[in-house]
Amino acid sequence: MRQATVYIDRQALQYNLNRVKQLAPQAKVVSMVKANAYGHGIKDCLDALKQTDAFGVACLQEALEIRELDFEQPITLIEGVFSLDEMPIVLAHNLELVVHHQQQVDWLIAHQDAYIAKNLKVWVKLNSGMNRLGFKITEIKAVIKQLQALGFNCVLAMHFANADAEHALNDAQIAQFLEIKQDCAPILASCCNSAAIYKYLELHFDYVRPGIMLYGASPFADRDVHDLDLKPVMRFTAEIIALNSIQAGESVGYGSTFIAEQAMTLAIVSIGYGDGYPRAFVAPNSVVIDGQFVAVVGRVAMDMIAIDVTNIKVDLGTEVELWGPNRLVDDVASANGTIGYELLCRLSNRPKRKIV
Ligand SMILES: *Cc1c(COP(=O)(O)O)cnc(C)c1O
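Described below are features of the structure shown in this document. (Residues numbered from 1 in each chain as written. Predicted model: local features only at pLDDT ≥ 70, side-chain atom pairs only at ≥ 80, totals over all residues. Heavy atoms only, no water.)

It is worth spelling out the packing of aromatic side chains at this point. Taken as a whole and assessed by the stated rule, the structure comprises 11 aromatic pairs. A centroid spacing of 6.3 Å and a plane angle of 85 degrees characterise the contact between F55 and F71, whose relative ring orientation is edge-to-face. On the criterion of sequence distance, the pair formed by F55 in strand 3 (residues 54-57) and F71 in the loop between helix 4 (60-68) and strand 4 (75-77) is long-range, its members being 16 residues apart. Given a relative accessible area of 0%, F55 falls into the buried group. Aromatic ring contacts, followed pair by pair, group F236, Y277, F281 and W323 into a single cluster. Seen from the ring of F220, R223 lies directly overhead, with NZ or CZ sitting 5.0 Å from the centre. Its guanidinium or amino end placed over the ring of Y15, K231 lies 4.1 Å from that ring's centre, counting from NZ or CZ. (Phe/Tyr/Trp six-rings, centres within 6.5 Å; stacked < 30°, edge-to-face > 60°. Helix = DSSP H or I, 4+ residues; strand = E, 2+ residues; numbered from the N terminus. Buried < 20%, exposed > 50% of the residue type's maximum accessible area, 1.4 Å probe, protein only. Lys NZ or Arg CZ within 6 Å of the ring centre and 35° of its normal.)

Every other side chain in a regular strand lies on the same face of the sheet, so the side chains alternate between the two faces. Burial of strand 3 is two-sided: the residues A54 and G56 facing one way and the residues F55 and V57 facing the other way are all buried. In the sheet, strand 3 pairs with strand 4 via 3 bridges, with the strands oriented parallel. Across the sheet, the residue bridging to G56 is T76, located in strand 4. Note that the unit made of strand 3, helix 4 and strand 4 has a crossover that is right-handed. (Pairing = 2+ DSSP bridges. Right-handed = clockwise from strand over helix to strand, strands pointing away.)

Now for the sheet that holds strand 3. Spatial ordering of the open sheet is given by 8-7-6-5-4-3-2-9, a layout of 8 strands whose pairing is parallel. Both outer strands of the open sheet, strand 8 (188-190) and strand 9 (207-208), are each paired with one neighbouring strand and no more. Each of strand 3, strand 4 and strand 5 (95-99) is contacted by helix 4, which is oriented at about 170 degrees to strand 4, the strand it contacts most. (Contact = heavy atoms within 4.5 Å. Axes fitted to C-alpha atoms, helices over the stretch in contact; angles between N-to-C directions.)

Further remarks concern the packing of helix 8 (residues 137-149) against helix 9 (residues 168-183). The contact between helix 8 and helix 9 brings their axes to 10 Å, and the two run at 30 degrees. Taken together, the axes of helix 8 and helix 9 are roughly parallel relative to one another. The way helix 8 lies across helix 9 gives a crossing that is right-handed. In contact with I137, I140, K141, I144 and K145 of helix 8, helix 9 contributes Q176, E179, I180 and D183. Residue composition of the contact of helix 8 with helix 9, by class: 4 nonpolar, 1 polar and 4 charged. (Parallel < 35°, antiparallel > 145°, perpendicular 65-115°, else oblique. Left-handed = near helix turned anticlockwise from the far one by under 90°. Nonpolar A, V, L, I, M, F, W, Y, C, P; charged D, E, K, R; others polar.)

A contiguous patch of negative charge on the surface is contributed by D164, E166, D171, D222 and D227. By relative accessible area, D222 is classed as exposed at 63%. (Patch = residues over 30% accessible without salt bridge, like charges linked within 9 Å, V, L, I, M, F, W, Y side chains within 5 Å. Areas by Shrake-Rupley, 256 points an atom, 1.4 Å probe, with all protein chains shown as cover. Salt bridge = Lys/Arg side-chain N within 4 Å of Asp/Glu carboxyl O. Lys, Arg positive; Asp, Glu negative; His and termini not counted. Charge placed at Lys NZ, Arg CZ, Asp CG, Glu CD.)

Membership of the largest hydrophobic core comes to 114 residues, with the highest contact counts inside it found for V124, L147, Y277, I305, I307 and W323. Counting contributing residues, this core receives three or more from each of domain 1 (10-215) and domain 2 (234-355). Not counting chain neighbours up to four residues away, the residues in contact with W323 comprise M234, R235, F236, G276, Y277, P278, L328, V329, V332, L343, L344 and L347. The next biggest cluster of nonpolar side chains, apart from the first, holds 8 residues, and it includes V252, M264, L266 and I268. (Core = buried A, V, L, I, M, F, W, Y, C linked by side-chain atoms within 4.5 Å. Domains from an automatic or database assignment.)

On to the site of the ligand, then. Neighbouring the ligand are M32, K34, Y38, I78, H159, N193, S194, R209, P210, G211, I212 and Y341. In the environment of the ligand, an oxygen atom lies 2.6 Å from a nitrogen or oxygen atom belonging to the side chain of K34. With respect to the ligand, the side chain of Y38 contributes an N or O atom lying 2.6 Å from an oxygen atom. Taking 390 Å² as the accessible area of the ligand by itself, protein coverage stands at 91%. Here the shell around the ligand is built from residues that sort into 6 nonpolar, 4 polar and 2 charged. (Near = heavy atom within 4 Å. Polar contact = N/O pair within 3.5 Å; in protein donor to acceptor, adjacent residues only side chain to side chain.)

The full count for this structure, using the stated rule, is 11 salt bridges. Two residues, R2 and D275, come together in a salt bridge whose shortest N-O distance is 2.8 Å. Here R2, found in the segment before strand 1 (4-8), pairs with D275, found in the loop between strand 13 (264-269) and strand 14 (286-289); they are 273 residues apart in sequence, far enough to count as distant. Given the relative accessible area of 33%, R2 is considered partly exposed. Among the residues examined, D275 registers a relative accessible area of 0% and is labelled buried. Here the residues in one salt-bridge network are R2, D275, D303 and R350, joined through shared partners.

Put into structure tokens, the structure is as follows:
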């Protein structure tokens, strides 16, 4: 059988959740499990995350998957509802809403009695310069005061545009957040994603919202998961399905982009962009076999890649790590001109999934 396999290490996931708790001992943890737990498979991840205080997802469908698996923790819909007709479902499943524009506030107020009776918090989003979602600093105070006066329990929420880097906008965002937090006190507060959890220990407040760190990938370009003391949760593998010897001047794959300078041995591996392995590399890429780095040569095809095994002993069936504890997904991503987040999320459903 064709082997392209995603292994999910639940102990690593638990380890990483505990890292969040060590770093942010006073805060509650909202584990971000949007996009099918960053491509790890929500079903396979929830058990390992059962010690989390809450979950965060991007839409109703994702929240309902969690409820169908019988997890009762609070769930925040980080973009809120998209239409009024979602409100009864929100209430039926005890979901918490972000509100980021006035229409959402109106929809919420239309259901205020049921929402408040269920003790659901409402997350009011400040747009402090990310300029995707949220109320501007000039508008948000009135929104919060109105909701508070109606009896809603509000969480002031914000998202950093540059938590992973040094950037002048960070201080400006923090200043806006602290100003509103003070003006609307007492109010719950939340502004830290993974990068900010590491970087701003003083801004953890009531809820932290880790995503990528739970899965053992790095939010930073210049700090890898070992520096951060995190464990990769996913190990993505395939196997060697053919061996080829070629001579100097011969090429491999579509476009004949790689031309051998000397005689070499190629192994063909059962992985391609049809599995979610990326194609458009901007720098040399490699895989790991038995702890050794092995270069990928030529173009990635839908179902196959070629690797240079001239100097190592391999056989048909030898396992190849595409990313995981040895070949970090963040390093594959950077050779591909992207970030680990994207590669994890865009796996296809062709690889088999296994829990370890
Ligand atoms: C996705 C998301 C997070 C988690 O971000 P990471 O960088 O993966 O830690 C936190 N907060 C919000 C609002 C998000 O959308």
